[in-house]
Amino acid sequence: MGGRKELEQLTEEIRYHEAAYRAGKPEIPDSAFDDLVDRYEQLADALGIDPSERLDAQLGQEHTAGFETVEHRVPMLSLEKLSPNRRDSSGEPMPIEDQLDAWFRRRKKELEIDELELIVEPKVDGISVSLLYARGKLQRAVTRGNGRSGDVITKQVRRLGTVPVNLDGMAKGEIEIRGEIYWPLSEFARFNATLDKPLINPRNGCAGMMKRKDPKGLEETGIRSFFYQIAWEEGVAVPRTQGETLRWFADLGAEVYVSEVFETTSAEAALEYCEKYQSRREKLDYDIDGMVIKIDDLSLYSHLGSTGHHPFWGIAYKFPPERKPTKLLGIEVSVGKSGKLTPIAILEPVFVSGTTVSRASLHNFVELERKDVRIGDTVLIEKAGEIIPQVVEVDKSQRKRGARRFVPPDACPTCGTEVVSEEIFIYCPNPACPDQVRERLRHFASRNAMDIDGMGAVLVDQVVDKLGVRAPDGLFRLEADQLASLERMGQKSAERVKAGLEAAKGRGLSRVLTGLAIRHVGETMAEDLAGYFKTAEALLEFAGRYVADDDEAIEMVAPARSTERGAIEGLARKTADSIFHELNSGAVRDVFSGLADVGVDLTAKAATVKTVDAVAGKTFVLTGTLPTMKRTEAAQKIKAAGGKVSGSVSKKTDYVVAGDEPGSKLDKANALGIEVIDEDALIALLGAG
Ligand code: AMP
Ligand code: ZN
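Residues numbered from 1 in each chain as written. Chains lettered and ligands numbered in written order. Predicted model: local features only at pLDDT ≥ 70, side-chain atom pairs only at ≥ 80, totals over all residues. Heavy atoms only, no water.

Caption draft 1: Summary view of the overall build of the chain. A count of helical and extended segments in the chain gives 24 helices and 22 strands. For the chain, whose C-alpha radius of gyration is 28 Å, the value lies close to the compact-globule estimate of 26 Å for 689 residues. C-alpha extents for the chain along the principal axes are approximately 85 × 65 × 60 Å. For the chain, the proportion of its 689 residues judged to be buried stands at 49%. (Helix = DSSP H or I, 4+ residues; strand = E, 2+ residues; numbered from the N terminus. Rg over C-alpha atoms; globule rule 2.2 N^0.38 Å. Buried < 20%, exposed > 50% of the residue type's maximum accessible area, 1.4 Å probe, protein only.)

Next comes the structure, spelled out in structure tokens:
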């Protein structure tokens, strides 16, 4: 299952870029960051990740110290996105047109209407702002913040001189208008040329400028605003459609992109407009990262409602990622935590989607061969929703005679050990390989694993290189004095790391298992194993029996009929073979005994289960969108009540909980005669304690 892996990778990327953002050195545009978070949320939903385990979706959007914060009367939500990565309930990729079609049909169904007017607008890539006007005068300007409350930037907005502070002809009442503050590209270029240290891009630049405590000089930036929405009003007569609202804003003296909008009753036509707009995009004097498709009739909005994340009145279309040609100068090979060798493209630096790219992953050697990538080639680079730059393809028409094929190495480039092949990958089999040791320890200390406070990548590298740490227990044996001797570490930070290590000792078995970077053991598998075996001792004892072909042990994982699942839920035979062989290896046993020696807790943390009779021991399958609960939330409640949640319907299923657009699981339930219930019925069962 690639999903888990991708989720872990996304987690790492998001954390990395969030830290860079906080340090004031963002490496990617915010739009690319948002893409990552969106992709993460989508994947986490698809995988049913518990909300408590998720990254905070509001990363990097916190309030700025020194600004007054106020709560938004109407939350400033995100928009749902049409995504090239979306899959339907059976796992098949879902084309954008089908996604939009499904969205549109659903809205019509909810409204019980056959025809519905849509309006398509550019999605301006600036920072959103809420503007409160009373009797036509600007009272307050607030950032989106975390969506519930934002920072007051009235002074800054006033100082710009380009955001209307008076709305013509509005003598009475109050109104909150939503708009986008943006930096026109020409103004940005002009302003940037006057700086010693140029700003990365207009969006980040604009955000930074608007968070200047002292607004002096803001009038010279040329930053402006677009108005696009009315959040609420009192005592002001407002238009009934979005299209009229935009024209009304123009009459009031605000800047709007009325000339850029398109109205239609056809989802197909709306999508076509979005796709064609790409060519128009390059001619605009502002960045847009996509289009927004909205229902035009504002009186319908209150019937449509929203999730906590996005409203149902609109959906965003994102432009396909930028693709740039550059020259492949060479190929390097890197060694990962499990010893996997990955070819890395060394590129002539090229500016793609907001950053300069000079390295890109080539994934694996089979892929390299398939794409027929040769050194000296002109390759096309893209970042997609993912942040890791990718070599998409070779421009063969540009191939020069001297272009060289790359031969996969026979030996590890770091330690020289002869490589082994497994499936499409090549591995360095030497667990003591310095690169592997570093990567493994970084992973062990990371937040999803042992979450050792203060033990970041740089420090791990130092303790490996300078203090000779080779295994996880070695981290716990470090003395504060040793740590303090390292670069950029004082006595105080050393003590913080020591405290972090002490705290990490108590995280429990599933975190330890996650941290060991055993193939196929991600967070969920680690929890399943820990939950089932309870102690490292029992787990290792079982691994020994499994590897020795003990029938009983094998039966627990994979009963004779291979389509059925064993006692350990979700563990298929092939995966089990790999996991228990690795667990039974001398290297892993040594790690466990080392950890036991230094006092790391190797027992499972008990999950808090308060059994509900109607649910305990019963197996549930969830399908479709439930009216109020997220599926993950429902799953969590079922588990907390002692029930089980399974991903597929079988004879063992007791209940299928079906929401809207339930998919094939419902058909299967009906075919097998399994009881199908709705969310209300589930809540009733859960309440019957
Ligand atoms: P996102 O943050 O990507 O989920 O998108 C929501 C944000 O898009 C809003 O907070 C606005 O700041 C921004 N936006 C830009 N242009 C528009 C538009 N035409 N309509 C609605 N939102 C827009
Ligand atoms: Zn090696």
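Having put the structure on the table, let's press on.
Caption draft 2: Examining the packing of aromatic side chains more closely. By the definition in use, this model includes 23 aromatic pairs. Between Tyr-301 and Trp-313, the aromatic rings sit 5.1 Å apart at their centres with planes inclined by 5°, giving stacked as the arrangement. Taken as a pair, Tyr-301 in helix α9 (residues 301-304) and Trp-313 in the loop between α9 and β11 (314-318) lie far apart in primary sequence, 12 residues in all. Per residue, the accessibility class of Tyr-301 equals that of Trp-313, and both read buried. Members of the aromatic cluster, joined through ring pairs, are Tyr-532, Phe-533, Phe-542, Tyr-546 and Phe-580. A cation over an aromatic ring shows up here: Arg-73 above the ring of Trp-232, its NZ or CZ 3.6 Å from the ring centre. (Phe/Tyr/Trp six-rings, centres within 6.5 Å; stacked < 30°, edge-to-face > 60°. Lys NZ or Arg CZ within 6 Å of the ring centre and 35° of its normal.)

Caption draft 3: Broad picture of the side chain of Thr-653. Position of Thr-653 among the secondary structure elements: in the loop between β20 (644-646) and β21 (655-658). A distance of 2.9 Å separates the side chain of Thr-653 from the backbone nitrogen of Ser-650, its partner in a polar contact. (Polar contact = N/O pair within 3.5 Å; in protein donor to acceptor, adjacent residues only side chain to side chain.)

Caption draft 4: View of the sheet that holds strand β9 (residues 262-264). With mixed pairing, 5 strands are arranged side by side in an open sheet as β2-β11-β10-β3-β9. Two strands lie at the open edges of the sheet, namely β2 (80-82) and β9, each paired on one side alone. Neighbour-to-neighbour, the strand axes of the sheet open up by a mean angle of 30°, direction not taken into account. Bridging between strand β10 (residues 288-295) and β11 involves 5 bridges; their strand directions are antiparallel. Note that in β11 the partner of Met-291 across the bridge is Tyr-317. Against the sheet, helix α3 (residues 96-111) contacts β2, β3 (118-124), β10 and β11, and its axis sits at roughly 140° relative to β2. (Pairing = 2+ DSSP bridges. Axes fitted to C-alpha atoms, helices over the stretch in contact; angles between N-to-C directions. Contact = heavy atoms within 4.5 Å.)

Caption draft 5: Quick look at the sheet that holds strand β4 (residues 127-134). The sheet built from 4 strands is open, its strands ordered β5-β4-β7-β8 with antiparallel pairing. The open sheet has two free edges, formed respectively by β5 (137-143) and β8 (224-234), since each of these has just one partner strand. Going from strand to strand, the sheet's axes swing by 25° on average, the running direction of each strand aside. Where β4 lies against strand β7 (residues 174-182), 8 bridges are found, and the strand directions are antiparallel. Residue pairing in the sheet places Leu-132 in a bridge with Glu-176 of β7. Of the strands in this sheet, β7 and β8 touch helix α7 (residues 242-251), which is tilted by about 115° from β8.

Caption draft 6: Structural context of the pattern of salt bridges. Summed over the entire model, instances satisfying the criterion amount to 35 salt bridges. Among the ionic pairs, Arg-247 bridges to Glu-263, the shortest N-O distance being 3.8 Å. Here Arg-247, found in helix α7, pairs with Glu-263, found in strand β9; they are 16 residues apart in sequence, far enough to count as distant. For Glu-439, the salt bridge identified is with Arg-442, shortest N-O distance 4.0 Å. Of this pair, Glu-439 and Arg-442 both sit in helix α11 (residues 434-445), 3 residues apart, which is roughly one turn of the helix. Linked through salt bridges whose partners overlap, the residues forming this network are Asp-372, Arg-374, Asp-377, Arg-399 and Arg-405. (Salt bridge = Lys/Arg side-chain N within 4 Å of Asp/Glu carboxyl O.)

Caption draft 7: View of the environment of Phe-191. Secondary-structure assignment places Phe-191 in helix α5 (residues 185-192). Look at Phe-191 and you get buried, because its relative accessible area is 11%. Residues Phe-191 and Ala-207, spaced 16 residues apart in sequence, show a C-alpha to C-alpha distance of 15 Å. The residues touching Phe-191, leaving out its near neighbours within four places in the chain, are Trp-183, Met-209, Glu-220 and Thr-221.

Caption draft 8: Region of the structure containing the coordination of the zinc ion (ligand 2). With distances of 2.3 to 2.4 Å, the protein atoms coordinating the zinc ion (ligand 2) are Cys-412 (SG), Cys-415 (SG), Cys-428 (SG) and Cys-433 (SG). Coordination at the zinc ion (ligand 2) is tetrahedral: its 4 donor atoms span angles of 100 to 115° at the metal. Counting residues between consecutive donors of the zinc ion (ligand 2) along the chain gives the motif C-x2-C-x12-C-x4-C. This pair shows no difference in class: Cys-428 is buried, exactly as Cys-433 is. (Donors = N, O, S within 2.8 Å, 3.2 Å for Na, K, Ca; no water. Tetrahedral: all angles 85-135°; square planar, octahedral: opposite > 155°, others 65-115°.)

Caption draft 9: The arrangement of a negative patch on the surface in detail. Residues Asp-88, Glu-92, Glu-97, Asp-98, Glu-268 and Glu-275 make up a contiguous surface patch of negative charge. Among the secondary structure elements, those contributing two or more residues to the negative patch are α3 and α8 (267-281). Mapped onto the fold, Asp-98 is located in helix α3. (Patch = residues over 30% accessible without salt bridge, like charges linked within 9 Å, V, L, I, M, F, W, Y side chains within 5 Å. Areas by Shrake-Rupley, 256 points an atom, 1.4 Å probe, with all protein chains shown as cover. Lys, Arg positive; Asp, Glu negative; His and termini not counted. Charge placed at Lys NZ, Arg CZ, Asp CG, Glu CD.)

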